[in-house]
Amino acid sequence: HVKESGQVSYSVRMETDSRQPDARALIQQFVVTARSTPTGVSLTGQVPWRDFRGRLWVEFDVNVPHNYELDINTSAGNIQAEDIEGRVSFVTGGGNVSAGRVGGPSAAGARLETAGGHINVQDVNGELRAVTAGGHITANSVQGEATMRTGGGHVRVGTIAGAARLDTGGGNISVQRAMAEVSAITGGGQVDIGEAAGPIRARTGGGVIRVLRVTGPTDLNTGGGSIFFTQVQGAVRAS
């Protein structure tokens, strides 16, 4: 998708196992389509079979202006993007997702999802939704609400300006600074919250909970670990 007029260039690299029968024909049957749309440019690559069992590696290298919006979806593979001044949606059926700075002067936001890889984003100007079936999730700063959920990896984030919902099946959760309410739930990992200006709700199946500085009400529960406080200026419920 495009906000303003600009040029899009791309290259596609395909590789296959030369020992595979009909290797050359396999590459030739991968179809790449590029076309202009009312909202920008659409790039599509696909094989002609629904049940594909061959060995084929495909890499798209796409260059766009900074003020583009990106909507990328792949059945399997990594998605990597540099800085972009627009909203992004990256979805992969099994690979890592990484991005630099997302969003410009006006809030944009990011949707990053993978069925089984790590998610890493530097800075998001707007809302962040990051979901993975089992990898780690890392973000430097989010200037909006944040939903970060993983089936078992760690969740690490620097600064969150909006409400934060952080959930992992068993990894650790770490937040350096939260300017609004925080909900942090892990099946058994450790929860570390540095500074929070809003209420905190933290749950762990058995890990340690540490809170350095909080000014809102705090509700903490662990199935078997310790709970540590440094500076608390609100009501506390710890169990």
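Residues numbered from 1 in each chain as written. Predicted model: local features only at pLDDT ≥ 70, side-chain atom pairs only at ≥ 80, totals over all residues. Heavy atoms only, no water.

## As for the overall build of the chain
Argument step 1. A count of helical and extended segments in the chain gives 1 helix and 23 strands.
Argument step 2. By its C-alpha atoms, the chain is 65 × 40 × 20 Å across when sized along the principal axes.
Argument step 3. Per-residue burial for the chain yields a buried fraction of 38% across its 239 residues.
Argument step 4. Here the analysis covers contacts within the chain between residues at least 6 apart in sequence; of these, 12% occur between residues at least 24 apart.
Argument step 5. If you sum the accessible surface of the chain, you get close to 12,700 Å²; carbon and sulfur atoms cover 44% of it.
Argument step 6. The averaged location of the 21 negative side-chain charges in the chain is 6 Å from the averaged location of its 21 positive side-chain charges. (Helix = DSSP H or I, 4+ residues; strand = E, 2+ residues; numbered from the N terminus. Buried < 20%, exposed > 50% of the residue type's maximum accessible area, 1.4 Å probe, protein only. Contact = heavy atoms within 4.5 Å. Areas by Shrake-Rupley, 256 points an atom, 1.4 Å probe, with all protein chains shown as cover. Lys, Arg positive; Asp, Glu negative; His and termini not counted. Charge placed at Lys NZ, Arg CZ, Asp CG, Glu CD.)

## Section: the pattern of salt bridges
Argument step 1. Using the criterion set out here, one finds 11 salt bridges in the structure.
Argument step 2. Taking the shortest distance from any N to any O, the salt bridge between arginine 19 and aspartate 17 comes out at 3.2 Å.
Argument step 3. On the basis of relative accessibility, which here comes to 72%, the residue arginine 19 falls in the exposed class.
Argument step 4. Assessed through its relative accessible area of 16%, aspartate 17 is described here as buried. (Salt bridge = Lys/Arg side-chain N within 4 Å of Asp/Glu carboxyl O.)

## Side note on a nonpolar patch on the surface
Argument step 1. A cluster of nonpolar side chains, namely Tyr10, Val58, Phe60 and Val62, defines an oily patch on the protein surface of about 310 Å² accessible area.
Argument step 2. Per-element tally for the nonpolar patch: the top contributor is strand β4 (residues 56–63), with 3 residues.
Argument step 3. Within the fold, valine 62 resides in strand β4.
Argument step 4. Relative accessible area serves as the criterion here: at 37%, valine 62 is assigned to the partly exposed category. (Patch = residues over 30% accessible without salt bridge, like charges linked within 9 Å, V, L, I, M, F, W, Y side chains within 5 Å.)

## Remarks on the side chain of threonine 204
Argument step 1. Among the secondary structure elements, threonine 204 is positioned in strand β19 (residues 200–204).
Argument step 2. Judged by its relative accessible area of 5%, threonine 204 falls in the buried class.
Argument step 3. Here glycine 207 takes part through its backbone nitrogen, which lies 3.1 Å from a polar atom of the side chain of threonine 204.
Argument step 4. Other than its neighbours up to four places away in sequence, threonine 204 contacts Thr186, Gly188, Gly189, Ile209, Asn221, Thr222 and Gly223. (Polar contact = N/O pair within 3.5 Å; in protein donor to acceptor, adjacent residues only side chain to side chain.)

## Comments concerning the sheet that holds strand β23 (residues 236–238)
Argument step 1. Read across the sheet, 10 strands follow the order β5-β7-β9-β11-β13-β15-β17-β19-β21-β23 without closing on themselves; strand pairing throughout is parallel. Every interior strand has two partners, whereas the edge strands, β5 (70–74) and β23, have only one. Ignoring strand direction, the axes of neighbouring strands in this sheet form an average angle of 5°.
Argument step 2. Across 5 bridges, the pairing between strand β7 (residues 88–92) and strand β9 (residues 110–114) is parallel. Directly across from serine 89, in β9, lies its bridge partner arginine 111. (Pairing = 2+ DSSP bridges. Axes fitted to C-alpha atoms, helices over the stretch in contact; angles between N-to-C directions.)

## Brief notes about the nonpolar core
Buried together is how nonpolar side chains tend to be arranged in soluble globular proteins.
Argument step 1. Val88, Phe90, Leu112, Val121, Leu128, Met148 and Ile200 are the most contacted members of the largest nonpolar core, which totals 41 residues.
Argument step 2. For phenylalanine 90, the residues in contact, after removing those within four places along its chain, are Leu70, Ile72, Ile79, Ala81, Val97, Ala99, Arg111, Leu112 and Glu113. (Core = buried A, V, L, I, M, F, W, Y, C linked by side-chain atoms within 4.5 Å.)

## With respect to the sheet that holds strand β10 (residues 119–124)
Argument step 1. Strand order in the open sheet formed by 9 strands is β6-β8-β10-β12-β14-β16-β18-β20-β22, with parallel pairing between adjacent strands. A single partner strand is all that each edge strand has here, and the edge strands are β6 (79–81) and β22 (227–232). Here the average twist between neighbouring strands, direction ignored, is 5°.
Argument step 2. Of the pairings in the sheet, the one linking strand β8 (residues 97–102) to β10 comprises 5 bridges and is parallel in character. Paired with alanine 99 across the strands is valine 121, a residue of β10.

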